[in-house]
Structure formats: structure tokens, C-alpha cells
Amino acid sequence: MDDPYLNDLKSEFREYSSELKILKKNLLKSNSPEEQALIIKKIDSIARDMEKNQRQSVKVTKSRLKEKSKSNKTSKF
């Protein structure tokens, strides 16, 4: 399914994933407990954003599939 909004959500998710990889590397390199705490807070924030993104993707996908099935049903008659 090629949907511009879904494509945007997918690209946002990829960006979140790459940010998480960078933060993970920074966390492993860091020796400061304060810096590690900040990095962990950032990771938690990104994880929440990723969850929101996934929920929105599911909603949009279901909606698009409903629209598609409705249009298929009406076009058959």
C-alpha cells in the first residue's frame, strides 16, 4: 500500500531507530552517571514516540483497508 502519510510515519520510525542506535553507543561510552541518566531519559522519550508512531500506523492502515474494502464492494455492484 503506497500511502504518503504511512510513508511519512515509516520514515519517522526509521529516524527514531537511528537516534536510538546513536544514544545506545553514547550510553555505553559514557562513564558519568548524570550523563547516563540524561541519555536514558532521551531513550525513554524516543521509545514513547515510537509507540505513538506505531499505534498511529496501525490506525491508519486499518482505516485505509476499510476504505479499500468499501470501495471494492461498491464497485462490484
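These numbers were taken from a predicted model, which means no experiment stands behind them.

Thresholds applied
Residues numbered from 1 in each chain as written. Predicted model: local features only at pLDDT ≥ 70, side-chain atom pairs only at ≥ 80, totals over all residues. Heavy atoms only, no water. Helix = DSSP H or I, 4+ residues; strand = E, 2+ residues; numbered from the N terminus. Rg over C-alpha atoms; globule rule 2.2 N^0.38 Å. Buried < 20%, exposed > 50% of the residue type's maximum accessible area, 1.4 Å probe, protein only. Contact = heavy atoms within 4.5 Å. Areas by Shrake-Rupley, 256 points an atom, 1.4 Å probe, with all protein chains shown as cover. Lys, Arg positive; Asp, Glu negative; His and termini not counted. Charge placed at Lys NZ, Arg CZ, Asp CG, Glu CD. Expected span 1.5 Å × (residues − 1). Polar contact = N/O pair within 3.5 Å; in protein donor to acceptor, adjacent residues only side chain to side chain. Core = buried A, V, L, I, M, F, W, Y, C linked by side-chain atoms within 4.5 Å. Salt bridge = Lys/Arg side-chain N within 4 Å of Asp/Glu carboxyl O.

### So, the overall build of the protein
If you tally the helices and strands in the protein, you get two helices and zero strands. For the protein, the C-alpha radius of gyration of 19 Å lies well beyond 11 Å, the compact-globule estimate for 77 residues. In terms of principal-axis extent, the alpha carbons of the protein reach across some 70 × 15 × 15 Å. Classification of the 77 residues of the protein by burial places 16% in the buried group. Counted over contacts in the protein with a minimum sequence separation of 6, partners at least 24 positions apart contribute 68%. Total accessible area on the protein stands at roughly 6,400 Å², and carbon and sulfur atoms take up 55% of it. For the protein, the centre of its 19 positive side-chain charges and the centre of its 12 negative side-chain charges are spaced 8 Å apart.

### Here we look at helix α1 (residues 4-29)
Compared with the 38 Å implied by 1.5 Å per residue over 26 residues, the 38 Å span of α1 between its first and last C-alpha is a close match. Residues Leu-6, Leu-9, Tyr-16 and Leu-23 constitute the buried set of α1. Backbone nitrogen of Tyr-5 and a side-chain oxygen of the N-cap are separated by 3.0 Å at the start of α1; the cap is Asp-3.

### Here we look at the nonpolar core
Among the nonpolar cores identified, the biggest contains five residues, and these are Tyr-16, Leu-23, Ile-39, Ile-46 and Met-50. Within the residue set of this core, elements represented by two or more residues are α1 and α2 (33-76). The element best represented in this core is α2, accounting for three residues. Ignoring any residue separated from it by four or fewer positions in sequence, one finds Ile-46 in contact with Tyr-16, Glu-19, Leu-20 and Leu-23.

### Things to note about the pattern of salt bridges
Scanning all chains against the criterion turns up one salt bridge. Among the ionic pairs, Asp-3 bridges to Arg-64, the shortest N-O distance being 2.6 Å. Here Asp-3, found in the segment before α1, pairs with Arg-64, found in helix α2; they are 61 residues apart in sequence, far enough to count as distant.

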